Amino acid sequence: MRLPETITVWTRSGNDGLGGTTWSAPASYPARVAYSQKRFVDANGDEKVSQAVCYSEGATLITGALVLFSASTAANPPAASRTVNATSQIPSGAGALKKAWFA
């Protein structure tokens, strides 16, 4: 799969001691982003409809991570970042290709 776009991912790394979240350093990856409405089931078992999905190899796409659909070096996720609501590993010779849904 051709991955012509870039995403930046931040994962939660802890609590800042004041009730907030601390984030990992940003990591950018090649990706394919699609603004499409697809039904999926989130980690709580609730059925939702996505506003976007993305595919990426090597990205740390885990539920709860924040993703910006562009490159960034910001220490904290910008307001335009989206929360990963669900993920899957794409089978059948696709290597490490992962899919993430964003509600």
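These figures come from a predicted structure and were not determined experimentally. Per chain, residues are indexed from 1 in the order of the written sequence. Residue-level local features of this predicted model are given only where pLDDT is at least 70; pairs of side-chain atoms are given and counted only at 80 or more, and the full residue set underlies all totals for whole chains, interfaces and linings. To get the side-chain values, all heavy atoms of the structure are used, and hydrogens and water are removed first.

A word on the sheet that holds strand β9 (residues 82–83)
Criterion used throughout: strands pair if DSSP finds at least two bridges between them. We count a stretch as a helix when DSSP gives it H or I for four or more residues in a row; a strand needs E for two or more, and each element gets its number in order from the N terminus. Pairing in this open sheet of 7 strands is antiparallel, and the strands run β9-β8-β1-β4-β7-β11-β10 from one edge to the other. Lying at the two open borders of the sheet, with one neighbouring strand each, are β9 and β10 (86–89). Here strand β1 (residues 5–10) pairs with strand β8 (residues 66–68) via 3 bridges, running antiparallel. Bridged to Trp10 within β8 is Leu66.

Things to note about the pairing of strand β2 (residues 12–15)
Sheet topology note: the β2/strand β3 (residues 21–23) ladder contains 3 bridges and is antiparallel. Its bridge partner being in β3, Asn15 is matched across the sheet by Thr21. Joining the antiparallel neighbours β2 and β3 is a turn of 5 residues, in which Gly17 adopts a positive phi near 85°.

Considerations on the confidence of the model for the protein chain
Looking at the protein chain, pLDDT values average 90 and 94% of them are 70 or higher. Within the protein chain, the lowest mean pLDDT, 88, falls on β2, and the highest, 97, falls on β8. Known as pLDDT, the predictor's confidence for each residue is given on a scale from 0 to 100.

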